[in-house]
Amino acid sequence: MNKALLTDNYFDSVFSSISASLSAIGAETPAVTKIALKDNSPYRILASTIISLRTRDNVTWEASQSLFEIAPTIEKLYSIDEELVAESIKKCGFYLRKANQLKRIASIVMEEWDGVIPPDEEKLMSLPGVGIKTASLVLNLSFSMDAICVDCHVHQITNRLGWVVTDKPEDTEKELKKILPRKYWIIINELFVMWGQNVCTPISPKCSMCPLCNECPKVGEERTR
């Protein structure tokens, strides 16, 4: 796509159209966002985002709630056995690895950071299992800080739309920062996750349902519905 076409008015139109379509089909809010609406503490956002990696949204919700029943705070997570953590999140993918990461995070936060998870991207990314996506989501949802959280949906959809031409989510994040109006940095993850789950799916996207169908270049797509 010609970068000259990526104006504020264009992005306003795209985000407005996607929001309206998601409302019309009754798309469910992503699990981590729902958790943030109940309690946006950095611990809960960080823990649920780690649980969400390679895990379906409904399982992320169930496993996160199970963890928070036994460890409602980072202090409690620090004090309980790793086996108990693993048992509470065993429905999610790679639960043993994630339980280990959560316990190591709790140790670092309690022993080195005085029990406080900081609004600092570099420090967050120094934690076990935390990459740029997880760090950005914590900064977004817990601290209302402008950061672009690029997961598989954001990466795929923005490439499909021709906004970016990238191979890795990390590169997508850097390129989006150059073109995306700052007011959309936080909301893009929530909207595009829902859009990717319901309409612009990874395989055979439902282009017939998409209000952007006529203007979307559908980069890399040969088969649509």
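Residues numbered from 1 in each chain as written. Predicted model: local features only at pLDDT ≥ 70, side-chain atom pairs only at ≥ 80, totals over all residues. Heavy atoms only, no water.

Outline the overall build of the protein, listing residues and values.
Per the secondary structure count, the protein includes 12 helices and 0 strands. If you list the helices and strands of the protein from N to C, you get α-α-α-α-α-α-α-α-α-α-α-α. For the C-alpha atoms alone, the extent of the protein along its principal axes is close to 55 × 30 × 30 Å. By residue count, 48% of the 225 residues in the protein fall in the buried class. Considering only residue pairs separated by 6 or more positions, the protein has 60% of its internal contacts joining residues 24 or more positions apart. As presented, the protein carries roughly 11,200 Å² of accessible surface, and 49% of it is formed by carbon and sulfur atoms. Charge-centre separation for the protein: the mean point of 26 positive side chains lies 5 Å from the mean point of 29 negative side chains. (Helix = DSSP H or I, 4+ residues; strand = E, 2+ residues; numbered from the N terminus. Buried < 20%, exposed > 50% of the residue type's maximum accessible area, 1.4 Å probe, protein only. Contact = heavy atoms within 4.5 Å. Areas by Shrake-Rupley, 256 points an atom, 1.4 Å probe, with all protein chains shown as cover. Lys, Arg positive; Asp, Glu negative; His and termini not counted. Charge placed at Lys NZ, Arg CZ, Asp CG, Glu CD.)

Just give me the short version of the packing of aromatic side chains, but keep the residues and values in it.
Taken as a whole and assessed by the stated rule, the structure comprises 8 aromatic pairs. Aromatic pair Tyr10 and Trp163: ring centres 6.2 Å apart, planes at 75°, arrangement edge-to-face. Of this pair, Tyr10 sits in helix 1 (residues 8–25) while Trp163 sits in the loop between helix 10 (152–160) and helix 11 (169–179), placing them 153 residues apart in sequence. Take Tyr10 and Trp163: they sit in the same class, and that class is buried. Judged by centre distance (5.8 Å) and plane angle (15°), the rings of Phe15 and Phe192 are stacked. (Phe/Tyr/Trp six-rings, centres within 6.5 Å; stacked < 30°, edge-to-face > 60°.)

Tell me what's going on with the side chain of Lys103, and back it up with residues and numbers.
The residue Lys103 is located in helix 7 (residues 95–112) in this model. Among the polar contacts made by the side chain of Lys103, one reaches the main-chain carbonyl oxygen of Leu77 at a distance of 3.0 Å. Once you skip the residues sitting within four places of it in the chain, Lys103 turns out to touch Leu77, Tyr78, Ser79, Ile80, Glu82 and Val85. (Polar contact = N/O pair within 3.5 Å; in protein donor to acceptor, adjacent residues only side chain to side chain.)

How would you explain the packing of helix 2 (residues 31–38) against helix 3 (residues 42–52) if you had to name every residue and give the values?
Between helix 2 and helix 3, the shortest axis-to-axis distance is 10 Å and the interhelical angle comes to 165°. In terms of orientation, helix 2 lies roughly antiparallel with respect to helix 3. Both helix 2 and helix 3 take part in a crossing whose hand is right-handed. Residues Val32, Ile35 and Ala36 of helix 2 form the contact with helix 3, whose participating residues are Arg44, Ile45, Ser48, Thr49 and Ser52. (Axes fitted to C-alpha atoms, helices over the stretch in contact; angles between N-to-C directions. Parallel < 35°, antiparallel > 145°, perpendicular 65-115°, else oblique. Left-handed = near helix turned anticlockwise from the far one by under 90°.)

Help me get a handle on the pattern of salt bridges, residues and values and all.
Evaluated as defined, the whole model comprises 9 salt bridges. Put simply, Lys90 and Glu87 hold a salt bridge, and the shortest N to O gap is 2.8 Å. Relative accessible area serves as the criterion here: at 45%, Lys90 is assigned to the partly exposed category. (Salt bridge = Lys/Arg side-chain N within 4 Å of Asp/Glu carboxyl O.)

Could you give an account of helix 9 (residues 132–143), with specific residues and numbers?
Relative to the 16 Å expected for 12 residues at 1.5 Å per residue, helix 9 spans 15 Å between its end C-alpha atoms, a close match to the ideal helical length. Within helix 9, 10 of the 12 residues are buried, which leaves it mostly tucked inside the rest of the structure. Within the span of helix 9, buried status applies to Ile132, Thr134, Ala135, Ser136, Leu137, Val138, Leu139, Asn140, Leu141 and Ser142. Against the buried residues of helix 9 lie helix 2, helix 3, helix 8 (121–125), helix 11 and helix 12 (187–198). (Expected span 1.5 Å × (residues − 1).)

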